[in-house]
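Remarks on the overall topology
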Amino acid sequence: MKIILMRHGQAENHASSDSARQLTDYGQQQAIQTADYIVAHYQPDHFIVSPFDRAQQTLAQLQSRAPHLPTTVQDNITPSSDARTAFADIAKIDAECILIVCHMPIVAKLASLLTDDSPEAFALAEARVFETEFMMMGMAKELERFVPNQP
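A brief structural summary. Computed from a predicted structure; not experimentally measured. (Residues numbered from 1 in each chain as written. Predicted model: local features only at pLDDT ≥ 70, side-chain atom pairs only at ≥ 80, totals over all residues. Heavy atoms only, no water.)

Here's the deal with helix 1 (residues 25-41)
In this model helix 1 runs 25 Å from its N-terminal to its C-terminal C-alpha over 17 residues, within 8% of the 24 Å that 1.5 Å per residue would give. Taken as a whole, helix 1 has its buried residues at G27, Q30, A31, T34, A35, Y37 and I38. Projected onto a plane normal to the axis of helix 1, the buried residues spread over an arc of 165° and lie on a single side. The outward face of helix 1, more than 90 degrees from its buried face, is lined by the exposed residues D25 and A40. (Helix = DSSP H or I, 4+ residues; strand = E, 2+ residues; numbered from the N terminus. Expected span 1.5 Å × (residues − 1). Buried < 20%, exposed > 50% of the residue type's maximum accessible area, 1.4 Å probe, protein only. Arc of directions from axis to C-beta.)

Take a look at the structure:
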C-alpha cells in the first residue's frame, strides 16, 4: 500500500482562529501543482483531511481531479494532535493508496512513525510518498518527494 502525506499550501498569517486560516492565492497555486503531480503519478483511493480550512482547501484541488473518492475528515490530524493516536486511526482505513492532507508538525511526526526516522519538516504543499505492506510503525519506505515550485 501507498501512503501519501501532504502539507497544506501557504495560508494567511492571521484569522479569527488557527482553524479558520485560509489559503493565499499562492497557496492555491501550490495545491494545484501538487494535486496535478499526485494524480499524474498515483491513484489515491481514499482521502483523509484535517478539519482546518487550509487543509480542506488544499484537498479540494485533489477532489476536483478525483471527485468520487471517499474522504474522511479526521479531527486528530491538526497541528497540535498526537501523532500516535492519529496513526492508529489512519491504520483503520482500508485502502491501497491513502492521501492525507494535514499540517506541520504532525505531518512530519506521521512520516517519522512510518519510517522510524527522525521527524523532518515538510515544505508548504509538499507531498511525500511511502510504501508499506500494511500500516505499522517503522515499516514504510519513502519512495519520493514532490515540492511545488517556489517563487
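Concerning the side chain of T115
Assignment of secondary structure puts T115 in helix 4 (residues 106-115). Looking at T115, the relative accessible area reads 16%, which means it is buried. Filtering out sequence-adjacent residues up to four positions away, T115 remains in contact with F130, G138, A140 and E142. (Contact = heavy atoms within 4.5 Å.)

Concerning the pairing of strand 5 (residues 127-131)
Most of strand 5 sits inside the fold, with four of its five residues counted as buried. Here strand 1 (residues 2-7) runs beside strand 5; their pairing, made up of five bridges, is antiparallel. Bridge pairing in strand 5 links K2 to E131. Where strand 5 and strand 6 (residues 141-146) come together, five bridges link them in antiparallel fashion. Considered in strand 6, the bridge of V129 is made with E144. (Pairing = 2+ DSSP bridges.)

Considerations on the sheet that holds strand 4 (residues 97-102)
Whether parallel or antiparallel, the strands of a sheet pair through hydrogen bonds between backbone atoms. Read across the sheet, six strands follow the order 3-2-4-1-5-6 without closing on themselves; strand pairing throughout is mixed. Taken across any chain shown, the strands that pair with only one partner, and hence form the sheet edges, are strand 3 (71-73) and strand 6. With strand direction ignored, the average angle separating the axes of adjacent strands in the sheet is 20°. Packing of helix 4 onto the sheet brings it into contact with strand 1, strand 4, strand 5 and strand 6, and relative to strand 1 it is tilted by some 155°. (Axes fitted to C-alpha atoms, helices over the stretch in contact; angles between N-to-C directions.)

Considering the packing of helix 1 against helix 2 (residues 53-63)
Running from N to C, helix 1 and helix 2 cross one another at 40°; their axes reach a closest spacing of 8 Å. Considered as vectors, helix 1 and helix 2 are oriented oblique to each other. Considering how the two elements wind past one another, helix 1 and helix 2 form a crossing that is right-handed. Between helix 1 and helix 2, the contacting residues are Q28, A31, I32, A35, I38 and V39 on the first element and Q57, T58, Q61 and L62 on the second. (Parallel < 35°, antiparallel > 145°, perpendicular 65-115°, else oblique. Left-handed = near helix turned anticlockwise from the far one by under 90°.)

Comments concerning the packing of helix 3 (residues 83-90) against helix 4
It is at 9 Å that the axes of helix 3 and helix 4 come closest, and there the two elements cross at 65°. Considered as vectors, helix 3 and helix 4 are oriented roughly perpendicular to each other. Relative to helix 4, helix 3 is oriented so that their crossing is right-handed. Of the residues in helix 4, those in contact with A83, R84, A86, F87 and I90 of helix 3 are I106, K109, L110, L113 and L114. When the residues that make up the contact of helix 3 with helix 4 are grouped by side-chain class, the tally is eight nonpolar, no polar and two charged. (Nonpolar A, V, L, I, M, F, W, Y, C, P; charged D, E, K, R; others polar.)

Remarks on empty space enclosed by the protein
All chains considered together, the criterion is met by one cavity of 30 Å³ or more. Estimates place the volume of the largest cavity at around 30 Å³. Around the largest cavity sit I3, L5, F87, I90, I100, L110, L114 and M135, which together line it. Mapped onto the lining of the largest cavity, the elements with two or more residues apiece are strand 1, helix 3 and helix 4. In terms of residue class, the lining of the largest cavity is built from eight nonpolar, no polar and no charged. (1 Å grid on protein atoms, 1.4 Å probe; cavity = no way out; pocket = protein on both sides within 12 Å on 5 of 7 lines; lining within 4 Å. Points joined across faces, edges and corners; volume = space filled by probe spheres on them.)

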